[in-house]
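# Fold and geometry: a report
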Amino acid sequence: MAGSVELLSAELNLKKIEPLPDDFDPTAVVKDDLPPVVADGEEVKKREIVPGRNVHTTCLEVTEPDVDDEVTGERDAYMASVLARYRKSLVERTKHHLGYPYNLDFDYGALGQLQHFSINNLGDPFIESNYGVHSRQFEVGVLDWFARLWELEKNEYWGYITNCGTEGNLHGILVGREVFPDGVLYASRESHYSVFKAARMYRMECEKVNTLISGEIDCEDFKAKLLPHKDKPAIINVNIGTTVKGAVDDLDLVIKSLEETGFTHDRFYIHCDGALFGLMMPFVKRAPKVTFKKPIGSVSVSGHKFVGCPMPCGVQITRLQHINALSRNVEYLASRDATIMGSRNGHAPIFLWYTLNRKGYRGFQKEVQKCLRNAHYLKDRLRAAGIGAMLNELSSTVVFERPHDEEFVRKWQLACQGNIAHVVVMPNITVEKLDDFLNELIDKRATWYQNGKLQSPCVASDLGKENCLCELHK
Ligand SMILES: *Cc1c(COP(=O)(O)O)cnc(C)c1O
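Residues numbered from 1 in each chain as written. Predicted model: local features only at pLDDT ≥ 70, side-chain atom pairs only at ≥ 80, totals over all residues. Heavy atoms only, no water.

### Looking at the pattern of salt bridges
- For the coordinates displayed, the defined rule picks out 22 salt bridges.
- Between Arg-336 and Asp-124 there is a salt bridge; the shortest N-O distance is 2.9 Å. Of this pair, Arg-336 sits in strand S11 (residues 335-337) while Asp-124 sits in the loop between helix H3 (74-95) and helix H4 (136-149), placing them 212 residues apart in sequence.
- Residue Arg-336 is classed as buried on the basis of its relative accessible area of 14%.
- The class for Asp-124 is buried, based on a relative accessible area of 0%.
- Residues Lys-294 and Asp-252 are paired through a salt bridge, measuring 2.8 Å at the closest nitrogen-oxygen approach. Here Lys-294, found in the loop between strand S7 (268-273) and strand S8 (298-302), pairs with Asp-252, found in helix H8 (residues 251-260); they are 42 residues apart in sequence, far enough to count as distant.
- Each of the salt bridges in this network shares a partner with another, and the network as a whole consists of Glu-151, Lys-289 and Lys-293. (Salt bridge = Lys/Arg side-chain N within 4 Å of Asp/Glu carboxyl O. Helix = DSSP H or I, 4+ residues; strand = E, 2+ residues; numbered from the N terminus. Buried < 20%, exposed > 50% of the residue type's maximum accessible area, 1.4 Å probe, protein only.)

This is the structure we're talking about:
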């Protein structure tokens, strides 16, 4: 066995690892530019993002098996106990999760039999590769469903099941750039960080557009930012649900703004980032419709958010005509390369196919209605308790004053930004769960602010005066 250890250390090049420089400070922290928490006029705690926090205290070490482990069974017992404890913590953490838009309520028991297979859809979903253990038949079935939802004919669309919403954005913006190599990227400030990552990766010129207090793109500012670049085509990221406030950009107004500034349809490309609400919006009657009947180039959505899935995944749909410019034939695969990743999770399409079949259009519609109802319930109860809160009309994301205690934030896994936090009401968030959360929040808040003796923070600059309930604005 000594031989393989030598081989391993040779491969890892352990001897060549350089020592850390003398002035390296492992305790150095990267500060985000968030306002400090202020209670009673004094600064009590700075919010810091500490890279790598806790990584080593929570690490489960990998150890070499002892020679006699196989005989004693000690190792198997050890691993079984680690997994059992881990499972228990997953159950507990799943119960107290409110902040991220993941539907944790699903039952894929019927698919357990598939975990013995290495299912991989590498290459183009529509061109079978030489690798036979794939699930393209499920993938294309799912893609057809989404193409129908967004009104693009079977022979006019192209798409694939991605590894996440980010990959959809990376792909959509890449298609935009391949269509318009000198295009300028426009995205609202409240777009997901993956959009700006795409701009950096592809070295695109990028204009950040201001937002309204709701979190929607400010089309007046959009027009002002378009004008200086009239000589170059425009590539626009439109948010169908922003990450923090759940705001839906007005697609129709974005198109109108482009037209009014002199951009004809052959001079712009719109990617719709529907990671969050892409599958919820079609079921909200008042929502501006996302459809390929409008001049848009691509739409993406996350599969593990509203739909719910044990592994991250997503769907990306674009126009077939665009994809031909982007793809390359790969002899080794006997397929075509038009995706961001090489190997692709072949299990994910089967999970999505399973849910779409079980719930169907009407099932999703019911769940969306329930989420919106529960979101209103949460917002109303927060406000009734004197806590500033906002809920956009087309959204199930309730934004409110950031809870004062980080322990509480961690327990409920709330997502926070500056002075605000949010709960994204997904199908697994029941009224009972919201009641548990609210009762604890109201109870704890009374101690944080000493039953009103201390002032709770003002959230007017984040949520608007009308949604703030601080001393000044209530
Ligand atoms: C979550 C999210 C993404 C990214 O999705 P991942 O699946 O986490 O990569 C992109 N855009 C928006 C608006 C999101 O909420």
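### With respect to the UniProt feature "modified residue: N6-(pyridoxal phosphate)lysine" (unreviewed entry) in the chain
- In the numbering adopted here, UniProt assigns the feature "modified residue: N6-(pyridoxal phosphate)lysine" (unreviewed entry) to Lys-305.
- Its location among the elements puts Lys-305 in the loop between S8 and strand S9 (314-319).
- Setting aside chain neighbours within four positions, we find Lys-305 in contact with Pro-101, Tyr-102, Asn-103, Ala-275, Leu-276 and Met-426. (UniProt positions renumbered as here; feature names shortened; annotations may be inferred. Contact = heavy atoms within 4.5 Å.)

### Focus: helix H12 (residues 431-448)
- Here H12 is 18 residues long and its end C-alpha atoms lie 25 Å apart, about the 26 Å a rise of 1.5 Å per residue gives.
- Where H12 is concerned, the buried positions are Lys-433, Leu-434, Phe-437, Leu-438, Glu-440, Leu-441, Arg-445 and Trp-448.
- Gln-450 sits one or two positions beyond H12 and adopts a positive phi of about 45°. (Expected span 1.5 Å × (residues − 1).)

### Here's the deal with the pairing of strand S15 (residues 420-424)
- Counting buried positions along S15 gives five out of five residues, so the element sits mostly inside the fold.
- By the bridge criterion, five bridges tie strand S13 (residues 397-401) to S15 in an arrangement that is antiparallel. Along S15, the bridge assignment pairs Val-399 with His-422.
- Here strand S14 (residues 415-417) hands over to S15 after two residues, with Gly-418 in that stretch at a positive phi of 60°. (Pairing = 2+ DSSP bridges.)

### Thoughts on the packing of H4 against helix H10 (residues 347-384)
- Between H4 and H10, the shortest axis-to-axis distance is 8 Å and the interhelical angle comes to 35°. Handedness of the crossing formed by H4 with H10: left-handed. Only Pro-349, Ile-350, Leu-352, Trp-353, Leu-356, Tyr-361 and Phe-364 of H10 make contact with H4, whose side of the interface consists of Phe-138, Glu-139, Val-142, Trp-145, Phe-146 and Leu-149.
- Looking at the contact of H4 with H10, its residues break down into twelve nonpolar, no polar and one charged. (Axes fitted to C-alpha atoms, helices over the stretch in contact; angles between N-to-C directions. Left-handed = near helix turned anticlockwise from the far one by under 90°. Nonpolar A, V, L, I, M, F, W, Y, C, P; charged D, E, K, R; others polar.)

### Brief notes about the sheet that holds S14
- Pairing is antiparallel in the open sheet, where four strands are placed in the order S12-S13-S15-S14. Edge strands, defined here as strands with exactly one partner in the open sheet, are strand S12 (389-391) and S14. In this sheet, adjacent strand axes meet at a mean angle of 25° when their direction is disregarded.
- This element, H10, spans S12, S13 and S15 of the sheet and lies at about 160° to S12.

### Quick notes on the site of the ligand
- Inspection of the region around the ligand gives 13 residues, with Gly-165, Thr-166, Asp-273, His-304 and Lys-305 positioned closest.
- Ser-302 places a side-chain nitrogen or oxygen 3.0 Å from an oxygen atom of the ligand.
- The protein chains hide 90% of the 380 Å² of surface that the ligand would expose on its own.
- For the shell around the ligand, the leading source of residues is helix H5 (residues 165-179), giving three residues.
- Taken together, the residues that form the shell around the ligand break down as three nonpolar, eight polar and two charged. (Near = heavy atom within 4 Å. Polar contact = N/O pair within 3.5 Å; in protein donor to acceptor, adjacent residues only side chain to side chain. Areas by Shrake-Rupley, 256 points an atom, 1.4 Å probe, with all protein chains shown as cover.)

### Details of the nonpolar core
- Ranked by internal contacts, the top residues of the largest apolar core, which has 90 residues, are Phe-146, Ile-236, Leu-258, Ile-270, Ile-317, Phe-400 and Phe-437.
- With 13 residues, the top contributor of residues to this core is H10.
- Residues in contact with Leu-258, not counting those within four places in the same chain, are Phe-222, Leu-226, Ala-234, Ile-236, Phe-263, Phe-268 and Ile-270.
- Formed by 20 residues, the second largest nonpolar core is a distinct cluster that contains Tyr-202, Met-204, Tyr-269 and Leu-326. (Core = buried A, V, L, I, M, F, W, Y, C linked by side-chain atoms within 4.5 Å.)

### A few points about unusual backbone geometry
- Phi at Arg-203 is positive, roughly 50°, even though this residue is not glycine.
- In the Ramachandran plot, Gln-450 falls in the positive-phi region, its phi being about 45° despite a non-glycine side chain.

### Section: the side chain of Thr-397
- Structurally, the position occupied by Thr-397 is in strand S13.
- With near-sequence residues (within four places) excluded, Thr-397 lies in contact with Val-244, Lys-245, Gly-246, Leu-276, Phe-277, Met-390, Leu-391, His-422, Val-423 and Val-424.

### Some details on a nonpolar patch on the surface
- On the surface, Leu-60, Tyr-78 and Met-79 cluster together into a nonpolar patch covering about 320 Å² of accessible area.
- Of the residues examined, Tyr-78 reaches a relative accessible area of 41% and is grouped as partly exposed. (Patch = residues over 30% accessible without salt bridge, like charges linked within 9 Å, V, L, I, M, F, W, Y side chains within 5 Å.)

### Quick word on the packing of helix H7 (residues 219-226) against H8
- The interhelical angle for the contact between H7 and H8, taken along N-to-C directions, is 35°, at an axis separation of 10 Å. The way H7 lies across H8 gives a crossing that is right-handed. Taken together, the residues of H8 that come into contact with H7 (itself represented by Cys-219, Phe-222, Lys-223 and Leu-226) are Leu-253, Val-254, Ser-257, Leu-258 and Glu-260.

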